[in-house]
Amino acid sequence: MKPTNYIGRFAPSPTGQLHFGSLLSAVASYADARHNSGRWLLRIDDIDPPRTMPEAMQQIPHTLKHFGFCWDDDIIWQSKHTEQYQRALQALNEARLLYLCSCSRSMLRSSAIYPRFCKPASTTSRNAHPAAIDVQHKLTVSDNQNAIRVIMDASVSFTDAIQGDRHYEAQKHFGDTVVVRRDELFSYALCCAVDDANGITHVVRGSDLLPTTAAQITIMKQLKLAVPNYAHIPVATNAQAQKLSKQTHAAPIDTMPTLPTLFKAWEFLGQVPFKTSTVESFWSQAIELWQLKRIPRCESICESL
Ligand code: GLU
């Protein structure tokens, strides 16, 4: 095998068991990494204790092993990266890119993009930046009053290995993103941007995350970090055309037959059909046969994002 710099990852949140939609991201990211003689890391995004299901922390690695996945190194736990996230916040704060936001969910219900109700007025003039905020105070004093948002004004272009050239305008497509939530927890957008920029070279995940990718690239650039390559796979939907997710009660893959479920994922990803009778030989052939370019683009989903 050729030596390679490729480092991929699968990054489930332990908010429930893995479902078929998660399996698609796992299969695509794993096959792509191994086909390119790369490394594949398992990162558990356990930064949201109120939504964490403690059993999922053990169950996810167990299910992945059962489906034949082998990750490199120890499992990465986002909950151990608090210092990195604090440093990133500090850097954004020094660049005067943060502001406190006291808007409640109900105030924002009708706006897809944050309408900047709380953005300090001075920042609207060209050269004025908001004052630095007291990040430590927000992180240590539990007020449940304010979130911290990062100012996002730039447009972002990137070439997705599956979906092609993508272009997003910050204020049209994702808006000033929350980096610390009202409950003092770091947001997924911040943590994922910091961790993916820390050595991951290829991110393969669902196309529902495309606008999030644009926001995360913006954060990486604000922090002057390396931006990985992206490939967004189509998302699986249920009979009601809803994305499979914990919220739409997608069935856990643990309850499904292993090999047929892997083949179902393989077919969904548009790969060359083959036959085999064991999980082990499924993976040896799948890694050999994998072709990222065969993954169908998801015109309708991507256009609506
Ligand atoms: N933890 C996120 C999720 O499960 C991460 C997705 C990703 O960035 O791959 O939705």
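How each quantity is defined
Residues numbered from 1 in each chain as written. Predicted model: local features only at pLDDT ≥ 70, side-chain atom pairs only at ≥ 80, totals over all residues. Heavy atoms only, no water. Helix = DSSP H or I, 4+ residues; strand = E, 2+ residues; numbered from the N terminus. Rg over C-alpha atoms; globule rule 2.2 N^0.38 Å. Buried < 20%, exposed > 50% of the residue type's maximum accessible area, 1.4 Å probe, protein only. Contact = heavy atoms within 4.5 Å. Areas by Shrake-Rupley, 256 points an atom, 1.4 Å probe, with all protein chains shown as cover. Pairing = 2+ DSSP bridges. Axes fitted to C-alpha atoms, helices over the stretch in contact; angles between N-to-C directions. Disulfide = S-S within 2.5 Å. pLDDT = per-residue confidence, 0-100. Salt bridge = Lys/Arg side-chain N within 4 Å of Asp/Glu carboxyl O.

Novice: Sorry, what's going on with the overall build of the protein here?
Specialist: Summing up its helical and strand segments, the protein has 11 helices and 10 strands in all. A compact globule built from 305 residues should have a C-alpha radius of gyration of about 19 Å, and the protein, at 20 Å, falls within 12% of that. Projected onto its principal axes, the C-alpha coordinates of the protein cover approximately 65 × 45 × 40 Å. Among the 305 residues that make up the protein, the fraction classed as buried is 50%. Sequence separation of 24 or more characterises 74% of the internal contacts of the protein that already satisfy a separation of 6 or more. Total accessible area on the protein is roughly 14,800 Å²; 53% of this is exposed by carbon and sulfur atoms.

Novice: How should I be thinking about the sheet that holds strand β4 (residues 98-101) in this particular structure?
Specialist: Pairing between the strands of a sheet is mediated by backbone hydrogen bonds and can be parallel or antiparallel. The antiparallel open sheet is built from 3 strands, whose spatial order is β4-β5-β8. In this open sheet, the two strands that pair with only one neighbour each are β4 and β8 (177-180). Strand after strand, the sheet turns through a mean of 45 degrees between neighbouring axes, direction not considered. In this structure, β4 lies alongside strand β5 (residues 147-150), joined through 4 bridges in antiparallel fashion. Each bridged residue has a counterpart across the sheet, and for L98 the counterpart in β5 is V150. Running at roughly 100 degrees to β4, helix α3 (residues 82-94) makes contact with β4, β5 and β8 of the sheet.

Novice: Looking at this structure, how should I read the sheet that holds strand β2 (residues 39-44)?
Specialist: Pairing within the open sheet is parallel, and its 3 strands lie in the order β1-β2-β3. The open sheet has two edge strands, β1 (7-10) and β3 (76-77), and neither has a second partner. Sheet strands in contact with helix α2 (residues 54-66) are β1, β2 and β3, and its direction is about 155 degrees off that of β2.

Novice: What should I look at first to understand the environment of A193 in this one?
Specialist: By the element assignment, A193 lies in helix α7 (residues 188-196). Of the residues examined, A193 reaches a relative accessible area of 1% and is grouped as buried. Between the alpha carbons of A193 and T213 there is a distance of 8.5 Å; along the sequence they are 20 residues apart.

Novice: Which parts of the structure should I look at to understand the state of the cysteines?
Specialist: Should the sulfur atoms of two cysteines be covalently bonded, the bond is a disulfide. Considering all chains together, one arrives at 0 disulfides under this definition. Sulfur of C118: no disulfide; nearest cysteine sulfur belongs to C103 and is 3.6 Å away.

Novice: Sorry if this is basic, but what is going on with the confidence of the model for the protein here?
Specialist: Residues shown with low pLDDT carry predicted positions that ought not to be read at fine detail. Looking at the protein as a whole, the pLDDT averages 91, with 94% of positions reaching at least 70. Note on residues 301-305: pLDDT is under 50 here. Beyond four places in sequence and across chains, it has 12 contacts.

Novice: Any chance you could explain the pattern of salt bridges here in plain terms?
Specialist: Pairing of side chains with opposite charge becomes possible as their charged atoms draw close. According to the stated counting rule, one finds 10 salt bridges in the structure shown. Here R39 makes a salt bridge to D73, at a shortest N to O gap of 2.6 Å. In this pair, R39 is assigned in strand β2 and D73 in the loop between α2 and β3, connecting sequence segments 34 residues apart. When its relative accessible area of 33% is taken as the criterion, R39 is described as partly exposed. It is possible to trace a salt-bridge network through shared partners that takes in R9, R43, D45 and D196.

Novice: Would you explain the side chain of T213 in this entry?
Specialist: Looking at the secondary structure, you find T213 in helix α8 (residues 210-222). On the basis of relative accessible area, T213 is assigned to the buried category, the value being 0%. In this structure T213 touches F158, R205, Y230 and H232, once residues within four positions along its chain are discounted.

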